[in-house]
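# Working through the structure, step by step
Listed below, chain by chain, are the residues.
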Amino acid sequence: SWNVAKESFMQDVSWVSSLRVRGTFGINGNINQDLRPFTNISLGSSDGQTGLPTASVISPANPALKWENTYVTNFGIDYGLLNGRLSGTIDLYNKKGTDIIYLLEVNPTFLGAGNTINGVTMSNKGIDLGINGAIVDSKNFGWNMGVNFSYNTNKVTSNLLKPTTSFYSSFSGQIVGYASDAIFAYRNAGLDSLGWTKIYDQNG
């Protein structure tokens, strides 16, 4: 951080009581504790026909699983004006997520759905603004007011999975170029003579 208000060229700027510019960079790790690098098997009750014990695979082995990583870059300004009567912060940040864990669509005969792997990258960008003001600051009474504003946008930047028609129908999110929580719908083409809904295909 740089305490700009302490610099010699700021000493004559009396209306600025504090001014600090700062920057940070860090890496965060996250791991899904529900997933394991080895096959997870659950033992059940006895089979009704044979009387033998039963078991089922909860999650298949995946020794390639690793931590999700988030690279965070942040630039901020802290300021105080008019002897501290007005103060606030401005923060700009960029978060890049790599090796994000998601469900890979595979042959539906394989455990009915898919396998969980590291395979998505995502970018998050945003701004946070905060303003605080001392409207009344007397010996016996004080009135402070604060306003906050935040804006964030995210986008999936890569995905090992190539979406198919069945993917759009049965899975959600993680489409490259779109937000992670994007919602998709078919374009309605009205009803046919029997009252069934029609939709436009990729050729219009």
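Since this is a predicted model, take the numbers as computed values, not measurements.

### Details of the pairing of strand β9 (residues 188-191)
As judged from the two bridges shared by β9 and strand β10 (residues 197-199), these two strands associate in the antiparallel manner. Note on β10: the bridge partner recorded for N188 is I199.

### Re the confidence of the model for the chain
Counting all residues, the mean pLDDT for the chain is 85, and 89% of those residues have values of 70 or more. At the low end of the mean pLDDT range in the chain sits helix α1 (residues 165-170), at 50; at the high end sits strand β5 (residues 68-81), at 95.

### A look at the packing of aromatic side chains
One pass over the structure, following the stated rule, counts zero aromatic pairs. Looking at K95, its charged tip hangs above the ring of Y93, at a distance of 5.5 Å from the centre. Lying across the ring of Y200, R187 places its NZ or CZ 4.2 Å from the centre.

### Quick notes on the environment of L65
Mapped onto the secondary structure, L65 falls in the loop between β4 (53-59) and β5. Between the C-alpha atom of L65 and that of N32, which follows or precedes it by 33 residues, the distance is 9.7 Å. Setting aside residues up to four positions removed in sequence, L65 forms contacts with L35, R36, T116, I117 and N118.

### Describing the pattern of salt bridges
Scanning the model with the defined rule gives three salt bridges in all. In this structure, D91 engages R22 in a salt bridge whose closest nitrogen and oxygen atoms are separated by 2.8 Å. Of this pair, D91 sits in strand β6 (residues 86-105) while R22 sits in strand β2 (residues 16-30), and the two are 69 residues apart along the sequence. Overall, D91 belongs to the buried group, its relative accessible area being 12%. Across the pair K66 and D99 runs a salt bridge whose closest N-O atoms are separated by 3.7 Å. Here D99 lies in strand β6 and K66 lies in the loop between β4 and β5, a separation of 33 residues in the sequence. Overall, K66 belongs to the partly exposed group, its relative accessible area being 46%. Residue class for D99 comes out partly exposed when judged on its relative accessible area of 23%. A single network of salt bridges, built from pairs that share partners, joins R22, D78 and D91.

### So, unusual backbone geometry
Not every positive phi belongs to a glycine, and L82 is a case in point at roughly 55°. For L82, the position within the fold is in the loop between β5 and β6. On the accessibility criterion, L82 (53% relative accessible area) is exposed. Unusually for a residue other than glycine, N83 sits at a positive phi of about 60°. Among the residues examined, N83 registers a relative accessible area of 72% and is labelled exposed.

Reading the values: the criteria
Residues numbered from 1 in each chain as written. Predicted model: local features only at pLDDT ≥ 70, side-chain atom pairs only at ≥ 80, totals over all residues. Heavy atoms only, no water. Pairing = 2+ DSSP bridges. Helix = DSSP H or I, 4+ residues; strand = E, 2+ residues; numbered from the N terminus. pLDDT = per-residue confidence, 0-100. Phe/Tyr/Trp six-rings, centres within 6.5 Å; stacked < 30°, edge-to-face > 60°. Lys NZ or Arg CZ within 6 Å of the ring centre and 35° of its normal. Contact = heavy atoms within 4.5 Å. Salt bridge = Lys/Arg side-chain N within 4 Å of Asp/Glu carboxyl O. Buried < 20%, exposed > 50% of the residue type's maximum accessible area, 1.4 Å probe, protein only.

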